[in-house]
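Each chain, written out:
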Amino acid sequence: WVLVSVKPAASLNQTVARASLNVQLMVVLASVLYLVLAIVWTRYFRRMLNEIARMIRYSRHDPSATQVGSIQELKHIYAELAATSQDLHEVRQLANLDKLTGLYNRRFFDDQLAELLSEREPFFLAMFDLDDFKGVNDTFGHHTGDMVLKRVATLAMEQLGERGWVCRYGGEELVALLTGEDQRMIFALLDEFRERVASLTWREPGLRVTLSGGLVASGQAREAKELIVAADAEVYRAKRAGKNRCYQAGEPASDPEPLLRQV
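None of the values given here were measured: they were computed from a predicted structure.

> An account of the packing of aromatic side chains is requested, with residue identities and associated values reported.
Throughout the structure, instances matching the rule amount to 6 aromatic pairs. Ring geometry for Tyr104 versus Phe108: centroids 3.9 Å apart, planes at 15°, classification stacked. Between Phe109 and Tyr169 the ring centres are 5.6 Å apart and the planes differ by 90°, which places this aromatic pair in the edge-to-face class. Of this pair, Phe109 sits in helix 3 (residues 106-119) while Tyr169 sits in strand 2 (residues 164-170), placing them 60 residues apart in sequence.

The structure is reproduced here in structure tokens:
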């Protein structure tokens, strides 16, 4: 016996159409699901990259200001970045410091002076030169000379460090970049520093240390070299007037000879 079942074509077409519709709905649902997942993951990875970029940006300037991100999966990366940025910061600081005095070095001074001039904010450049320092080395030895430089540098940081940056310019010369607008107050601060240096007592009999200083305002020159030459001229004028004193640009000269010293 053979059983033959006959089904109308219209009914068969309806069944196929329903199956096709279900497949299409499943495809659309899967596409929407994948699209949602793609958006979520894109935002997640973008947030992750932004946090890493922010940490790197902060670490380039001040490692202590670096903020730990909130993504738990990156905790170990945050720790590594913080440690690396701290190491780089310490290396950068060492590269900008003078080994003997602990003050900023000439390289840092040149960079900071150029930056201050580019910002066009008012500041002052002070320059100091220890009087007869060669005689200190010749009479008491270079070890004593180094001790003198260290002690004067420490005093300079105590007196002037809060107002700006104190640097060793070279040899027995110190410079300071001081922020502010009140030249009279800045000059009084410098002269007080000079008096404190002159009043220092030393173990070596007969040793007395003094310095001569000069002060110029940033508005008196447009370029770094001009400002340095102007400050150096004031130091030279102080030395010619008897040493152990400070002069500022614009102050009436007490010596008739022309200024010949150049940097």
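> An account of the packing of helix 3 against helix 7 (residues 224-240) is needed here, citing residue identities and associated values.
Close contact between helix 3 and helix 7 brings their axes to 10 Å; oriented N to C, the two are set at 110°. By the angle class used here, helix 3 and helix 7 are roughly perpendicular. The chirality of how helix 3 crosses helix 7 is right-handed. Within the contact between the two elements, helix 3 uses Phe109, Leu113 and Leu117 and helix 7 uses Ala224, Leu227 and Ile228.

> I'd like a rundown of helix 3, residues and numbers included.
Over its 14 residues, helix 3 runs 20 Å from end to end, which matches the ideal 20 Å to within 8%, given 1.5 Å per residue. Buried residues of helix 3: Phe108, Phe109, Gln112, Leu113, Leu116 and Leu117, and no others. Seen end-on, helix 3 carries its buried residues on one side only, within an arc spanning 160°. Exposed residues pointing more than 90 degrees away from the buried face of helix 3 are listed as Arg107 and Ser118. Among the structural elements, strand 1 (123-130), strand 2, strand 3 (173-179) and helix 7 are those in contact with the buried residues of helix 3. Among the residues trailing helix 3, Arg120 stands out with phi positive, at a value near 60°.

> Just give me the short version of helix 6 (residues 183-198), but keep the residues and values in it.
Given 3.6 residues to a turn, an α-helix orients residues that are three or four positions apart in the same direction. The terminal C-alpha atoms of helix 6, which comprises 16 residues, lie 23 Å apart, in line with the 22 Å expected from a rise of 1.5 Å per residue. If you check which residues of helix 6 are buried, you get Ile186, Phe187, Leu189, Leu190, Phe193, Arg194, Val197 and Ala198.

> Help me get a handle on the pairing of strand 1, residues and values and all.
Counting buried residues along strand 1, 8 of its 8 residues qualify, which places the element largely inside the surrounding structure. Where burial is concerned, the two faces of strand 1 agree: the one with Phe123, Leu125, Met127 and Asp129 and the one with Phe124, Ala126, Phe128 and Leu130 are both buried. Examined bridge by bridge, strand 1 and strand 4 (residues 211-217) share 7 bridges and lie antiparallel to one another. What sits directly across from Leu130, in strand 4, is Leu211.

> Lay out the side chain of Ser218 with the relevant residues and their values.
Tracing the backbone through its elements, the reader meets Ser218 in the loop between strand 4 and helix 7. When residues no more than four places from it in sequence are discounted, the contact partners of Ser218 are Glu121, Pro122, Phe123 and Leu227.

> Explain the sheet that holds strand 5 (residues 246-248) to me, and be specific about the residues and the numbers.
Whenever strands of a sheet pair, they do so through backbone hydrogen bonds, lying parallel or antiparallel. Ordered in space as 2-3-1-4-5, the 5 strands form an open sheet in which the pairing is mixed. Where the open sheet ends on each side, the last strands, each with one partner, are strand 2 and strand 5. Taken pair by pair, the neighbouring strands of this sheet meet at an average axis angle of 20°, ignoring direction. Packed on one face of the sheet, helix 3 meets strand 1, strand 2 and strand 3 and runs near 130° to strand 2. Where helix 6 meets the sheet, it contacts strand 1, strand 3, strand 4 and strand 5, and its direction lies at approximately 170° from that of strand 4.

> Can you tell me about a nonpolar patch on the surface, naming the residues and giving the values?
Taken together, Leu33, Tyr34, Leu37, Trp41 and Phe45 make up a surface patch of nonpolar side chains, about 570 Å² in accessible area. Its location among the elements puts Phe45 in helix 1 (residues 9-61). A relative accessible area of 43% places Phe45 in the partly exposed class.

> Which residues make up a negative patch on the surface, and what values do they have?
Together, Asp111, Glu115, Glu119, Glu121, Glu181 and Asp182 make up a region of like negative charge exposed at the surface. Inspection of the secondary structure puts Asp182 in the loop between strand 3 and helix 6.

> Pulling in residues and values, what's your account of the pairing of strand 3?
The element strand 3 is largely enclosed, with a buried count of 6 among its 7 residues. Strand direction decides the pairing type here: strand 1 and strand 3, joined by 7 bridges, are antiparallel. Bridging across to strand 3, Met127 finds its partner in Val175. Linking two consecutive strands that pair antiparallel, namely strand 2 and strand 3, is a turn of 2 residues; a positive phi of about 60° is found at Gly171 within it.

Conventions we followed
- Residues numbered from 1 in each chain as written.
- Predicted model: local features only at pLDDT ≥ 70, side-chain atom pairs only at ≥ 80, totals over all residues.
- Heavy atoms only, no water.
- Phe/Tyr/Trp six-rings, centres within 6.5 Å; stacked < 30°, edge-to-face > 60°.
- Helix = DSSP H or I, 4+ residues; strand = E, 2+ residues; numbered from the N terminus.
- Axes fitted to C-alpha atoms, helices over the stretch in contact; angles between N-to-C directions.
- Parallel < 35°, antiparallel > 145°, perpendicular 65-115°, else oblique.
- Left-handed = near helix turned anticlockwise from the far one by under 90°.
- Contact = heavy atoms within 4.5 Å.
- Expected span 1.5 Å × (residues − 1).
- Buried < 20%, exposed > 50% of the residue type's maximum accessible area, 1.4 Å probe, protein only.
- Arc of directions from axis to C-beta.
- Pairing = 2+ DSSP bridges.
- Patch = residues over 30% accessible without salt bridge, like charges linked within 9 Å, V, L, I, M, F, W, Y side chains within 5 Å.
- Areas by Shrake-Rupley, 256 points an atom, 1.4 Å probe, with all protein chains shown as cover.
- Salt bridge = Lys/Arg side-chain N within 4 Å of Asp/Glu carboxyl O.
- Lys, Arg positive; Asp, Glu negative; His and termini not counted.
- Charge placed at Lys NZ, Arg CZ, Asp CG, Glu CD.

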